[in-house]
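Below, each chain spelled out in residue letters.
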Amino acid sequence: MNKKKLLILFNPSSGKSTIRQELWQVVDIFVKGGYDVTVYPTQKRYDAHDVVSERSKEFDVIVICGGDGTLSEAIQGLVTLPSGERVTLGYIPCGSTNDFGASLEIPFEIPTAAQHIVDGKPISCDCGRFNGTPYLYISAFGMFTDVSYETPQKIKNHIGHAAYILEGIKRLKNYSYYHIKVESEEITLEDDFILGFVSNTTSIGGMKNRFEYEPLLNDGLLECVLIKNPTSPSDYQSILSAIMTQDLECRNIVKFTTKDVTFTSTEEIKWTTDGEDGGSHKKTHIEVIPDAYKIIVK
């Protein structure tokens, strides 16, 4: 009997490193589920990208154990391959915030997430492309967006999602705004913005990404949210209230869905993609890659 081959690709530094304590149980679950299991701990940054792009043909399923950043690297490696050569993925969220795991409704209990992979079925998901480079679930600029990669890993591991909130609070009194022209099929506008993101997720920074409808991960669309520069205390209060209540109905917040959007500014703007440094750009083009990969969900 030929068993299906499964690779567990885990990041030993993600989150509180709990995967190292429970790895034996995860392996046992997959073996009992009928898989021939190989285990590989990532050795350096972008290792997940390289392993997925170079070794996909060897496996029927590659399970990513780590945070959203590790999964993002794997997706970037996967979409470099022709669509017919892209292996099916599983995801066991082990990071500090796990936004994408929440979007897929994957349990954060590691053994339970592993069992869901054994029992589940693959679905197709979209991803984004930022100035030609694929990303998993969010590209962003402005206030708070560099919190993820500028917060020390030891702090994130120790107190988890609260680390992002604490780091973000320190920046409330010192934010910048950017004058940007935004162009898409759906909207064209020019204004001053303190924050913007283009995402394919239902959770951002541990909070729900709320639109008039429930964002889908495979609808061929990206969700865009832009927050205008507050010019009065009431503007500032309405923005703060909108963020705290997760109700984005606010005169200072612009929302729309799109397949393709371009941001143009006179100064270079610092971006992040999936919580990592995306570089500084005067012109940024973001588009959806529909049905970019398959991932197993319950």
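Residues numbered from 1 in each chain as written. Predicted model: local features only at pLDDT ≥ 70, side-chain atom pairs only at ≥ 80, totals over all residues. Heavy atoms only, no water.

1. Details of the overall build of the protein chain
- In terms of regular secondary structure, the protein chain is built from nine helices and 15 strands.
- The buried share among the 298 residues of the protein chain stands at 53%.
- Within the protein chain, counting contacts between residues at least 6 apart in sequence, those at least 24 apart form 72% of the total.
- A total of about 14100 Å² of accessible surface is found on the protein chain, and carbon and sulfur atoms cover 50% of it. (Helix = DSSP H or I, 4+ residues; strand = E, 2+ residues; numbered from the N terminus. Buried < 20%, exposed > 50% of the residue type's maximum accessible area, 1.4 Å probe, protein only. Contact = heavy atoms within 4.5 Å. Areas by Shrake-Rupley, 256 points an atom, 1.4 Å probe, with all protein chains shown as cover.)

2. Observations concerning the packing of helix α1 (residues 19–32) against helix α5 (residues 110–119)
- Contact pair α1 / α5: the axes reach a minimum separation of 9 Å and the direction vectors enclose 25°. Relative to α5, the element α1 lies roughly parallel. Judged by the twist between their axes, the crossing of α1 over α5 is right-handed. Contact residues: α1 offers Ile19, Glu22, Gln25, Val26, Ile29 and Phe30, while α5 offers Ile110, Pro111, Ala114, Gln115, Ile117 and Val118.
- Of the residues belonging to the contact of α1 with α5, the class tally is nine nonpolar, two polar and one charged. (Axes fitted to C-alpha atoms, helices over the stretch in contact; angles between N-to-C directions. Parallel < 35°, antiparallel > 145°, perpendicular 65-115°, else oblique. Left-handed = near helix turned anticlockwise from the far one by under 90°. Nonpolar A, V, L, I, M, F, W, Y, C, P; charged D, E, K, R; others polar.)

3. Some details on the packing of aromatic side chains
- Summed over the entire model, instances satisfying the criterion amount to seven aromatic pairs.
- Between Phe100 and Tyr137 the ring centres are 6.1 Å apart and the planes differ by 40°, which places this aromatic pair in the tilted class. In this pair, Phe100 sits in helix α4 (residues 99–103) while Tyr137 sits in the loop between β6 (133–135) and β7 (138–142), placing the two residues 37 residues apart along the sequence. By the burial criterion, Phe100 is buried, and Tyr137 matches it.
- Following the ring pairs from residue to residue traces out a cluster consisting of Phe130, Phe141, Tyr178, Phe263 and Trp271. (Phe/Tyr/Trp six-rings, centres within 6.5 Å; stacked < 30°, edge-to-face > 60°.)

4. What to know about the pairing of strand β12 (residues 222–228)
- The buried fraction of β12 is high, at six of seven residues.
- The pairing of strand β9 (residues 188–199) with β12 spans six bridges and is classified as antiparallel. Among the inter-strand pairings, Gly196 is bridged to a residue of β12, identified as Leu226.
- As paired elements, β12 and strand β13 (residues 253–258) share six bridges and run antiparallel to each other. Of the residues in β13, the one forming a bridge with Leu222 is Thr258. (Pairing = 2+ DSSP bridges.)

5. Quick look at the environment of Leu81
- Mapped onto the fold, Leu81 is located in the loop between α3 (68–78) and β4 (88–93).
- Looking at Leu81, the relative accessible area reads 14%, which means it is buried.
- Sequence separation between Leu81 and Glu54 is 27 residues, and the spatial gap between their C-alpha atoms is 9.2 Å.
- Setting aside residues up to four positions removed in sequence, Leu81 forms contacts with Val52, Ser53, Ser56 and Arg86.

6. Considering α5
- Those residues of α5 not exposed but buried are Ile110, Pro111, Ala113, Ala114, His116 and Ile117.
- Turning to α5, the residues buried within the fold contact α1, β3 (61–66), β4 and β15 (276–297).

7. A closer look at the packing of helix α2 (residues 47–55) against α3
- The N-to-C vectors of α2 and α3 enclose an angle of 35°; their axes lie 7 Å apart at closest approach. Taken as a pair, α2 and α3 cross one another with a handedness that is right-handed. Along its contact with α2, which presents Asp47, Ala48, His49, Val52 and Ser53, the element α3 presents Thr70, Glu73, Ala74, Gln76, Gly77 and Leu78.
- The residue inventory of the contact of α2 with α3, partitioned by class, reads four nonpolar, five polar and two charged.

8. Let's talk about the pattern of salt bridges
- Scanning the entire structure with this criterion turns up nine salt bridges.
- We note a salt bridge from Asp28 to Lys32, for which the minimum N-O separation is 2.7 Å. Here Asp28 and its partner Lys32 are both found in helix α1, four residues apart, which amounts to about one turn of the helix.
- Here Arg45 makes a salt bridge to Glu276, at a shortest N to O gap of 3.3 Å. You can see Arg45 sitting in the loop between β2 (35–41) and α2 and its partner Glu276 sitting in strand β15, a full 231 residues away along the chain.
- The partly exposed category is assigned to Glu276, whose relative accessible area is 33%. (Salt bridge = Lys/Arg side-chain N within 4 Å of Asp/Glu carboxyl O.)

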